[in-house]
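This is what each chain is made of:
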Amino acid sequence: MTFPTYFEAFDAKQMLEEYPVGDAFTARYTAMSRDELHALQNERFLKLMKRGWEIPFYQRLWGAKGIEAADIKSLEDITKLPVYDKTDLMASIADHPPYGDFGGLGGPDRAPTIFHTTSGTTGRPQALLFGPKGREITNLLVGRMYRWQGVSPSDVVQSVYGHGMINGGHYIREAVTHFTNSIFLSAGTGIETRSINQVGLMADFNVSVLVGFIDYIRKLAEVAEAEGLLDKINIKMICGHLGTEDRASVEKAWGGAKAYDWYGVGDTGSIAGEGPERDGLYVWEDAQYLELLDVDSGAAVGAGETGDMVVTCLFKDDIAPCIRFNTHDITHELTGANQTGMVFKRIAGFKGRSDNMVKLRGINVFPHAIGALIENRADLTGEYVCNLTRDGAGRDDMCVTLESRGGTDAAQLSHMLRQGLGVEVTVKLVGVGDTAAATQIDVRQKPIRLIDERGL
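Residues numbered from 1 in each chain as written. Predicted model: local features only at pLDDT ≥ 70, side-chain atom pairs only at ≥ 80, totals over all residues. Heavy atoms only, no water.

**Student:** Describe the nonpolar core, naming the residues involved and giving the relevant values.
**Tutor:** By size, the foremost hydrophobic cluster in this structure holds 79 residues, and its most contacted members are L81, Y146, I172 and F344. Here the element with the most residues in this core is helix α6 (residues 132-149); it accounts for seven residues. Setting aside chain neighbours within four positions, we find L81 in contact with F45, M49, W62, I67, I72, I323 and R324. (Core = buried A, V, L, I, M, F, W, Y, C linked by side-chain atoms within 4.5 Å. Buried < 20%, exposed > 50% of the residue type's maximum accessible area, 1.4 Å probe, protein only. Helix = DSSP H or I, 4+ residues; strand = E, 2+ residues; numbered from the N terminus. Contact = heavy atoms within 4.5 Å.)

**Student:** Quick one: what's the story with the pairing of strand β12 (residues 325-331), residue by residue and with numbers?
**Tutor:** Burial of β12 is extensive: seven of the seven residues sit out of reach of the surface. Direction of pairing for strand β11 (residues 307-313) relative to β12: antiparallel, over a ladder of four bridges. Within β12, the position partnered with V310 by the bridge is N326. (Pairing = 2+ DSSP bridges.)

**Student:** Describe in detail unusual backbone geometry, supporting the description with residues and values.
**Tutor:** Residue P98 follows P97 across a cis peptide bond; omega there is 0°. When you line up the elements, P98 lands in the loop between α5 (86-95) and β1 (114-117). Notably, N206 is not glycine yet its phi reads approximately 55°, a positive angle. Assignment of secondary structure puts N206 in the loop between α8 (195-204) and β5 (209-212). Under the relative-accessibility criterion, N206 is labelled exposed at 59%. In this structure, H328 takes a positive phi of about 65° despite not being glycine. Looking at the element boundaries, H328 is found in strand β12.

**Student:** For the pattern of salt bridges, give the residues involved together with the corresponding values.
**Tutor:** Working definition: two side chains of opposite charge can pair if their charged atoms are close together. One pass over the full model with this rule turns up 23 salt bridges. Where R247 meets E274, a salt bridge forms, and the shortest distance between an N and an O atom there is 2.7 Å. Of this pair, R247 sits in the loop between β6 (237-240) and α10 (248-253) while E274 is found in strand β8 (residues 269-274), placing the two residues 27 residues apart along the sequence. A relative accessible area of 2% means that E274 is categorised as buried. (Salt bridge = Lys/Arg side-chain N within 4 Å of Asp/Glu carboxyl O.)

**Student:** Help me get a handle on the sheet that holds strand β17 (residues 380-390), residues and values and all.
**Tutor:** Spatial ordering of the open sheet is given by β19-β18-β17-β20, a layout of four strands whose pairing is mixed. With one partner strand each, in any of the chains shown, β19 (426-430) and β20 (450-452) form the two edges of the open sheet. Between one strand and the next, the sheet's axes are offset by a mean angle of 20°, whatever the strand orientation. Looking at chain direction, β17 and β20 are connected through three bridges and run parallel. By the bridge assignment, C386 is partnered in β20 with L450. Docked against the sheet, helix α12 (residues 410-421) engages β17, β18 (396-404) and β19, running at close to 130° with respect to β19. (Axes fitted to C-alpha atoms, helices over the stretch in contact; angles between N-to-C directions.)

This is the structure in C-alpha cells:
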C-alpha cells in the first residue's frame, strides 16, 4: 500500500520560511506593519476556509446558518460564521463515533494522524486530532516562544506536563526537542514521577528551566526544600500558566528564577505568550486569529474589555481545522505600544472561564481570581479549593478552604476576599497539604478549584 510517511506529508523547510523561529522570528515581526500582517492573515484564512468547506462538521454548522462558500470573501467576513465550542465537538463525536466528523481524516492513503485527548478538566475528555503540518506548527509556536523568552541550547528543561492520552506533555516535548536544542526531561505529573523523584532529577541533571502548570511547580519547591535539595538546584527560568496569580511567589520559591506566562488550549496549541520583557502576552497572529467576544451577546468587545477568547488557527488546514472555536476562557486586550517592537497585539492572559463562572447572590465570581488575592502572603501556601452549596431556602454559599502555615486571621482573610470578589464567602483554614485530596494537585495537570455541590 502506498501512503506518505510523516515527514513526506509536509514541507519542513517551507514551514520554517512561513513560521520563522529564533532571530528570523523577531526580525520579521518587528519589521512588519499591521497592514502587512493583516494581508498575511487574510491569505492564510482563505486557504483555511477552502479546507473547512471540505469538512462535514463545518458543512453542517455553516449550512444551518444559510452560509455559502461565496459569502466568505475575506477575513472581514469571519463574523458571519457561527462560533462553536467543546459541546459541539462532543456532539459530533456522539453522532459520529469515535472521532467525530470534524477531522477530515480521509481514506487509507491519508497522511499520518496524531491523536490525543484533553485532560477532561471541564468534563469528559475530548478527542484531539492533528496532521503532520498542523502538529509541527503547533510545536513550533511553543518552541519559538521558549527561545524568545530565553531558553538556549545550554539549558536542561524539565517538564511536569502530563503524558498518557493527554496532549500537553507530548507536544511540549516535541516543541523543546524539535525547536530549542535543549536537553529535555519528561518528568510528567506527580503520579508519573513522584514529587521526591522530580526534585532529585533536577539536582542530578542540572535542570535550569521548569515548564508546566504553576500550581505544581510551586509545590515542587516546597518538596525540594523539605528534601534538602533546594540549594543544589539552580532554576533560572519557569514557563507555565500564571493566569490570575502573581508570579512573585513562585519566583521566590525557586530562588529568584524568572517566571513567564503563556496561554493555549488543546485544540489550538499556543495562542499567546510573554516576550522577554514580560509585559502582556503576545498573540501569535501569524498563526492564530483571536477574537474577544462578549460572554452574553457574542459581539466583539471594546479595547480593554473582558471577553471570551474565540480562536481560529490559520495554520491548521490539514486535519481538524479550527475556525472560530470558543475556548470560554476570558481575557482582555492590552493597549499601547510594547517594548519589543513586535507587531503582534497583546492580551492580559487567562482571567478565568466563562463556563466556570459562579453567580453568587447576583455577583459573577471566578474561582481562579482567588489565587491572585492570596498570592504573596507568607502565612498561606497559595493552595485553595471552593465548595459551592445551596441551602433549603435556595441561597447559594461558597466556602473557600485555604492552606495556612499558621498565624492566619480568618476574619481578616474573609474581609479581604469579600473586597476582592465583591461578595461574602466563608473561609475555612486547613494545614499545609490538606487541600491536595480535593484539588488532586498531585495527579492532575490542572488542579480542581471549584466543587459544585448544589446538585443542579
